[in-house]
Amino acid sequence: MVNNGHGTIFWQSKWLGNQALMDAFPEAYDADFNRVGNVADFRTWNDNQFSHCNGAEDVHTWMLSGDGRFTVRSFYELFFPEFAVGDSINEDVARALVSLWKLEAPPKLQFFGWRVLLNCIATKDQLFMRNIVPVSNDLCCVFCTTQLEDTDHLFGSCLFTDYIWRRVMNWLYFFEEMYFEEFKNYFFNVEKVKNALRRKVVAVIWLVAIWSVWLLKNDSIF
(Lines give C-alpha, C1' and ligand atoms only; values in the text may rest on other atoms or scores of the structure.)
Protein backbone atom coordinates (compact mmCIF):
# COMPACT_ATOMS: atom_id res chain seq x y z
CA MET A 1 0.00 0.00 0.00
CA VAL A 2 1.37 3.42 -0.98
CA ASN A 3 1.12 5.92 1.89
CA ASN A 4 3.82 8.58 2.09
CA GLY A 5 5.50 7.24 -1.05
CA HIS A 6 9.02 7.03 0.41
CA GLY A 7 9.18 3.24 0.35
CA THR A 8 7.90 2.64 -3.19
CA ILE A 9 10.10 3.07 -6.28
CA PHE A 10 8.12 5.02 -8.86
CA TRP A 11 9.18 3.58 -12.21
CA GLN A 12 10.19 0.00 -11.35
CA SER A 13 7.53 -1.00 -8.82
CA LYS A 14 4.28 -2.62 -9.89
CA TRP A 15 2.31 -0.35 -7.61
CA LEU A 16 -0.46 0.32 -10.13
CA GLY A 17 -1.79 -2.92 -11.61
CA ASN A 18 0.51 -5.72 -12.72
CA GLN A 19 2.83 -3.69 -14.93
CA ALA A 20 5.66 -1.38 -13.93
CA LEU A 21 5.35 2.18 -15.20
CA MET A 22 8.73 1.88 -16.93
CA ASP A 23 7.21 -0.86 -19.10
CA ALA A 24 3.87 0.87 -19.58
CA PHE A 25 5.43 4.21 -20.55
CA PRO A 26 8.93 3.44 -21.90
CA GLU A 27 9.36 6.78 -23.70
CA ALA A 28 8.60 8.77 -20.54
CA TYR A 29 10.94 6.53 -18.55
CA ASP A 30 13.77 7.05 -21.04
CA ALA A 31 13.26 10.82 -20.90
CA ASP A 32 13.25 11.00 -17.10
CA PHE A 33 16.47 11.98 -15.32
CA ASN A 34 15.26 10.49 -12.01
CA ARG A 35 14.75 6.83 -12.91
CA VAL A 36 15.30 5.55 -9.37
CA GLY A 37 13.09 8.03 -7.56
CA ASN A 38 10.30 6.96 -5.23
CA VAL A 39 6.64 7.91 -5.44
CA ALA A 40 7.13 10.81 -3.01
CA ASP A 41 9.65 12.41 -5.38
CA PHE A 42 6.98 12.76 -8.06
CA ARG A 43 4.22 14.31 -5.98
CA THR A 44 5.32 17.74 -7.14
CA TRP A 45 3.79 16.97 -10.56
CA ASN A 46 0.29 17.26 -9.22
CA ASP A 47 -0.48 16.74 -5.57
CA ASN A 48 -4.09 15.95 -6.43
CA GLN A 49 -2.94 12.80 -8.21
CA PHE A 50 -1.47 11.55 -4.93
CA SER A 51 -4.22 12.63 -2.59
CA HIS A 52 -4.18 9.18 -1.01
CA CYS A 53 -0.63 9.71 0.27
CA ASN A 54 -0.28 10.50 3.98
CA GLY A 55 2.33 10.54 6.70
CA ALA A 56 2.30 6.78 7.28
CA GLU A 57 5.04 4.56 5.89
CA ASP A 58 4.40 2.48 2.77
CA VAL A 59 3.26 -1.07 3.51
CA HIS A 60 4.41 -4.05 1.44
CA THR A 61 2.05 -7.03 1.59
CA TRP A 62 2.62 -10.76 0.96
CA MET A 63 -0.20 -11.83 -1.33
CA LEU A 64 -0.01 -15.53 -0.37
CA SER A 65 -1.29 -15.01 3.17
CA GLY A 66 -4.64 -13.70 4.32
CA ASP A 67 -3.27 -10.91 6.51
CA GLY A 68 -0.60 -9.77 4.02
CA ARG A 69 2.30 -10.88 6.21
CA PHE A 70 5.09 -13.12 4.95
CA THR A 71 5.18 -16.60 6.49
CA VAL A 72 7.61 -19.45 5.88
CA ARG A 73 4.62 -21.79 5.61
CA SER A 74 3.11 -19.90 2.67
CA PHE A 75 6.53 -19.85 0.99
CA TYR A 76 6.91 -23.62 1.28
CA GLU A 77 3.36 -24.21 0.09
CA LEU A 78 4.19 -22.22 -3.07
CA PHE A 79 7.64 -23.63 -3.89
CA PHE A 80 7.50 -27.07 -2.21
CA PRO A 81 3.87 -28.22 -2.57
CA GLU A 82 4.91 -31.87 -2.17
CA PHE A 83 5.36 -31.21 1.56
CA ALA A 84 1.88 -29.79 2.01
CA VAL A 85 -0.98 -31.77 3.49
CA GLY A 86 -4.32 -30.16 2.73
CA ASP A 87 -3.93 -26.48 3.55
CA SER A 88 -0.81 -26.82 5.68
CA ILE A 89 2.76 -28.08 5.47
CA ASN A 90 3.46 -31.56 6.71
CA GLU A 91 3.78 -31.04 10.45
CA ASP A 92 6.73 -33.43 10.85
CA VAL A 93 8.72 -31.55 8.22
CA ALA A 94 7.74 -28.19 9.71
CA ARG A 95 8.90 -29.20 13.20
CA ALA A 96 12.15 -30.60 11.85
CA LEU A 97 12.87 -27.37 9.99
CA VAL A 98 12.13 -25.24 13.06
CA SER A 99 14.61 -27.31 15.11
CA LEU A 100 17.20 -27.00 12.34
CA TRP A 101 17.06 -23.21 12.03
CA LYS A 102 17.21 -22.72 15.80
CA LEU A 103 20.64 -24.32 15.94
CA GLU A 104 23.84 -22.39 16.45
CA ALA A 105 25.64 -24.12 13.61
CA PRO A 106 27.64 -23.10 10.52
CA PRO A 107 25.21 -21.81 7.87
CA LYS A 108 26.65 -24.27 5.35
CA LEU A 109 25.60 -27.19 7.55
CA GLN A 110 22.16 -25.74 8.19
CA PHE A 111 21.57 -25.10 4.51
CA PHE A 112 22.63 -28.63 3.60
CA GLY A 113 20.45 -30.06 6.36
CA TRP A 114 17.55 -27.99 5.06
CA ARG A 115 17.98 -29.49 1.59
CA VAL A 116 18.24 -33.01 2.99
CA LEU A 117 15.04 -32.62 5.03
CA LEU A 118 13.26 -31.36 1.91
CA ASN A 119 14.74 -34.13 -0.23
CA CYS A 120 16.20 -31.70 -2.75
CA ILE A 121 19.90 -32.58 -2.88
CA ALA A 122 21.49 -33.81 -6.10
CA THR A 123 21.29 -37.55 -5.49
CA LYS A 124 21.33 -39.77 -8.57
CA ASP A 125 17.58 -40.32 -8.56
CA GLN A 126 16.98 -36.54 -8.50
CA LEU A 127 19.46 -35.95 -11.32
CA PHE A 128 17.72 -38.59 -13.40
CA MET A 129 14.23 -37.18 -12.73
CA ARG A 130 15.45 -33.74 -13.81
CA ASN A 131 16.93 -35.18 -17.03
CA ILE A 132 20.43 -34.18 -15.97
CA VAL A 133 21.78 -37.71 -16.29
CA PRO A 134 20.47 -40.32 -18.79
CA VAL A 135 18.93 -43.63 -17.80
CA SER A 136 22.02 -45.38 -19.15
CA ASN A 137 24.05 -43.95 -16.25
CA ASP A 138 24.64 -46.03 -13.17
CA LEU A 139 22.06 -44.83 -10.66
CA CYS A 140 23.17 -47.13 -7.86
CA CYS A 141 24.63 -45.94 -4.58
CA VAL A 142 28.39 -45.39 -4.81
CA PHE A 143 28.93 -47.06 -1.42
CA CYS A 144 26.95 -50.30 -1.60
CA THR A 145 26.50 -50.37 -5.43
CA THR A 146 23.29 -52.39 -5.07
CA GLN A 147 20.44 -49.93 -4.43
CA LEU A 148 19.12 -46.80 -6.14
CA GLU A 149 20.79 -43.73 -4.68
CA ASP A 150 18.16 -41.45 -3.16
CA THR A 151 18.19 -39.36 0.00
CA ASP A 152 16.59 -42.03 2.21
CA HIS A 153 19.02 -44.68 1.06
CA LEU A 154 22.16 -42.54 1.10
CA PHE A 155 21.67 -41.27 4.66
CA GLY A 156 19.64 -44.13 6.08
CA SER A 157 19.37 -47.64 4.70
CA CYS A 158 22.75 -47.98 2.95
CA LEU A 159 24.93 -50.53 4.76
CA PHE A 160 27.88 -48.14 4.66
CA THR A 161 26.08 -45.20 6.28
CA ASP A 162 24.31 -47.62 8.62
CA TYR A 163 27.75 -48.56 9.96
CA ILE A 164 28.67 -44.85 10.35
CA TRP A 165 25.49 -44.10 12.29
CA ARG A 166 26.16 -47.00 14.67
CA ARG A 167 29.68 -45.73 15.33
CA VAL A 168 28.41 -42.19 15.95
CA MET A 169 25.64 -43.42 18.21
CA ASN A 170 28.07 -45.57 20.23
CA TRP A 171 30.45 -42.64 20.54
CA LEU A 172 27.64 -40.44 21.88
CA TYR A 173 26.37 -43.27 24.11
CA PHE A 174 22.93 -42.43 22.80
CA PHE A 175 21.04 -45.72 22.99
CA GLU A 176 19.20 -44.79 26.16
CA GLU A 177 17.53 -41.75 24.56
CA MET A 178 16.21 -43.06 21.23
CA TYR A 179 16.20 -46.12 19.04
CA PHE A 180 18.74 -46.52 16.26
CA GLU A 181 16.26 -45.90 13.41
CA GLU A 182 15.04 -42.80 15.21
CA PHE A 183 18.58 -41.50 15.51
CA LYS A 184 19.12 -41.85 11.75
CA ASN A 185 16.16 -39.47 11.34
CA TYR A 186 17.25 -37.29 14.22
CA PHE A 187 15.47 -34.03 13.39
CA PHE A 188 12.12 -35.84 13.25
CA ASN A 189 12.69 -37.22 16.75
CA VAL A 190 14.69 -34.44 18.37
CA GLU A 191 12.09 -33.82 21.08
CA LYS A 192 12.97 -37.18 22.65
CA VAL A 193 16.24 -35.70 23.90
CA LYS A 194 15.21 -33.91 27.08
CA ASN A 195 18.42 -32.02 27.81
CA ALA A 196 18.37 -28.89 25.64
CA LEU A 197 22.16 -28.51 25.39
CA ARG A 198 22.71 -32.17 24.55
CA ARG A 199 19.92 -31.96 21.99
CA LYS A 200 21.70 -29.12 20.17
CA VAL A 201 25.15 -30.70 20.36
CA VAL A 202 23.90 -33.99 18.94
CA ALA A 203 22.04 -32.12 16.20
CA VAL A 204 25.25 -30.44 15.05
CA ILE A 205 27.13 -33.75 15.14
CA TRP A 206 24.32 -35.32 13.08
CA LEU A 207 24.65 -32.54 10.48
CA VAL A 208 28.43 -32.99 10.36
CA ALA A 209 27.91 -36.73 9.80
CA ILE A 210 25.56 -36.34 6.80
CA TRP A 211 27.76 -33.57 5.37
CA SER A 212 30.81 -35.87 5.65
CA VAL A 213 28.93 -38.69 3.93
CA TRP A 214 27.95 -36.31 1.14
CA LEU A 215 31.53 -35.11 0.63
CA LEU A 216 32.81 -38.68 0.61
CA LYS A 217 30.19 -39.65 -1.94
CA ASN A 218 31.23 -36.82 -4.24
CA ASP A 219 34.92 -37.63 -3.80
CA SER A 220 34.16 -41.20 -4.84
CA ILE A 221 32.63 -39.96 -8.08
CA PHE A 222 34.83 -37.01 -8.98
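Residues numbered from 1 in each chain as written. Predicted model: local features only at pLDDT ≥ 70, side-chain atom pairs only at ≥ 80, totals over all residues. Heavy atoms only, no water.

(A) Structural detail: the packing of aromatic side chains. Going through the model one piece at a time under the given rule, you end up with ten aromatic pairs. Ring geometry for Phe143 and Phe160: centres 4.4 Å apart, planes at 25 degrees, overall stacked. Of this pair, Phe143 sits in the loop between α6 (124–129) and α7 (151–157) while Phe160 sits in helix α8 (residues 159–172); the two residues are 17 residues apart in sequence, bridging distant segments of the chain. Taking the centre distance of 6.2 Å and the plane angle of 75 degrees together, the rings of Phe183 and Tyr186 count as edge-to-face. By relative accessible area, which is 0% here, Phe183 ends up buried. Pairwise contacts between aromatic rings join Trp165, Phe183, Tyr186, Phe187 and Trp206 into one cluster. Its guanidinium or amino end placed over the ring of Phe180, Arg166 lies 3.9 Å from that ring's centre, counting from NZ or CZ. (Phe/Tyr/Trp six-rings, centres within 6.5 Å; stacked < 30°, edge-to-face > 60°. Helix = DSSP H or I, 4+ residues; strand = E, 2+ residues; numbered from the N terminus. Buried < 20%, exposed > 50% of the residue type's maximum accessible area, 1.4 Å probe, protein only. Lys NZ or Arg CZ within 6 Å of the ring centre and 35° of its normal.)

(B) Spotlight on a nonpolar patch on the surface. Side chains of Phe128, Met129 and Val135 sit close together on the surface and give an oily, nonpolar patch of about 310 Å² of accessible area. Locating Phe128 in the fold gives a position in helix α6. (Patch = residues over 30% accessible without salt bridge, like charges linked within 9 Å, V, L, I, M, F, W, Y side chains within 5 Å. Areas by Shrake-Rupley, 256 points an atom, 1.4 Å probe, with all protein chains shown as cover. Salt bridge = Lys/Arg side-chain N within 4 Å of Asp/Glu carboxyl O.)

(C) Looking closely at the packing of helix α5 (residues 107–117) against helix α10 (residues 196–221). Their axes nearest at 10 Å, the elements α5 and α10 cross at an angle of 80 degrees. The orientation of α5 relative to α10 falls into the category roughly perpendicular. Mapping the contact onto sequence places Lys108, Leu109, Phe112, Gly113 and Val116 in α5 and Leu207, Val208, Ile210, Trp211 and Trp214 in α10. In terms of residue class, the contact of α5 with α10 is made up of eight nonpolar, one polar and one charged. (Axes fitted to C-alpha atoms, helices over the stretch in contact; angles between N-to-C directions. Parallel < 35°, antiparallel > 145°, perpendicular 65-115°, else oblique. Contact = heavy atoms within 4.5 Å. Nonpolar A, V, L, I, M, F, W, Y, C, P; charged D, E, K, R; others polar.)

(D) Main features of the pattern of salt bridges. According to the stated counting rule, one finds seven salt bridges in the structure shown. The partner of Glu149 in a salt bridge is Lys217, and the shortest N-O contact between them spans 3.0 Å. Linking Glu149 in the loop between α6 and α7 with Lys217 in helix α10, this pair joins segments that are 68 residues apart in sequence. For the pair formed by Glu149 and Lys217, the shared burial category is buried. Its salt-bridge partner being Asp162, residue Arg166 comes within 3.0 Å of it at the nearest N-O pair. On the criterion of helical spacing, the pair formed by Arg166 and Asp162 is a turn pair, its members being four residues apart in helix α8. Here Asp162 falls in the buried class, since its relative accessible area comes to 15%.

(E) Representation of the environment of Thr145 within the structure. Structurally, Thr145 is set in the loop between α6 and α7. Overall, the relative accessible area of 55% leaves Thr145 in the exposed class. Note: C-alpha distance between Thr145 and Cys158 (13 residues apart in sequence) is 9.5 Å.

(F) Examining the nonpolar core more closely. By size, the foremost hydrophobic cluster in this structure holds 41 residues, and its most contacted members are Phe155, Phe174, Phe183, Tyr186 and Phe187. Of all the secondary structure elements, the ones that give two or more residues to this core are α4 (91–101), α5, α7, α8, α9 (180–184) and α10. Broken down by element, the residue count for this core peaks at nine residues, all from α10. If near-sequence neighbours (up to four positions away) are discounted, Tyr186 is found in contact with Phe174, Met178, Val193, Arg198, Arg199, Val202, Ala203 and Trp206. Formed by five residues, the second largest nonpolar core is a distinct cluster that contains Phe10, Trp11, Leu21 and Tyr29. (Core = buried A, V, L, I, M, F, W, Y, C linked by side-chain atoms within 4.5 Å.)

(G) View of the packing of α4 against α5. Running from N to C, α4 and α5 point in directions that differ by 175 degrees, and their axes come no closer than 10 Å. Taken together, the axis directions place α4 and α5 in an arrangement best described as roughly antiparallel. Counted together, Ala96, Leu97, Leu100 and Trp101 of α4 and Gln110, Phe111, Gly113, Trp114 and Leu117 of α5 form the full contact between these two elements. When its residues are assigned to classes, the contact of α4 with α5 shows seven nonpolar, two polar and no charged.

(H) Looking closely at α4. Among the residues making up α4, those that are buried are Val93, Ala94, Ala96, Leu97 and Leu100. Down the axis, α4 shows its buried residues gathered within 165 degrees of arc, on one side only. (Arc of directions from axis to C-beta.)

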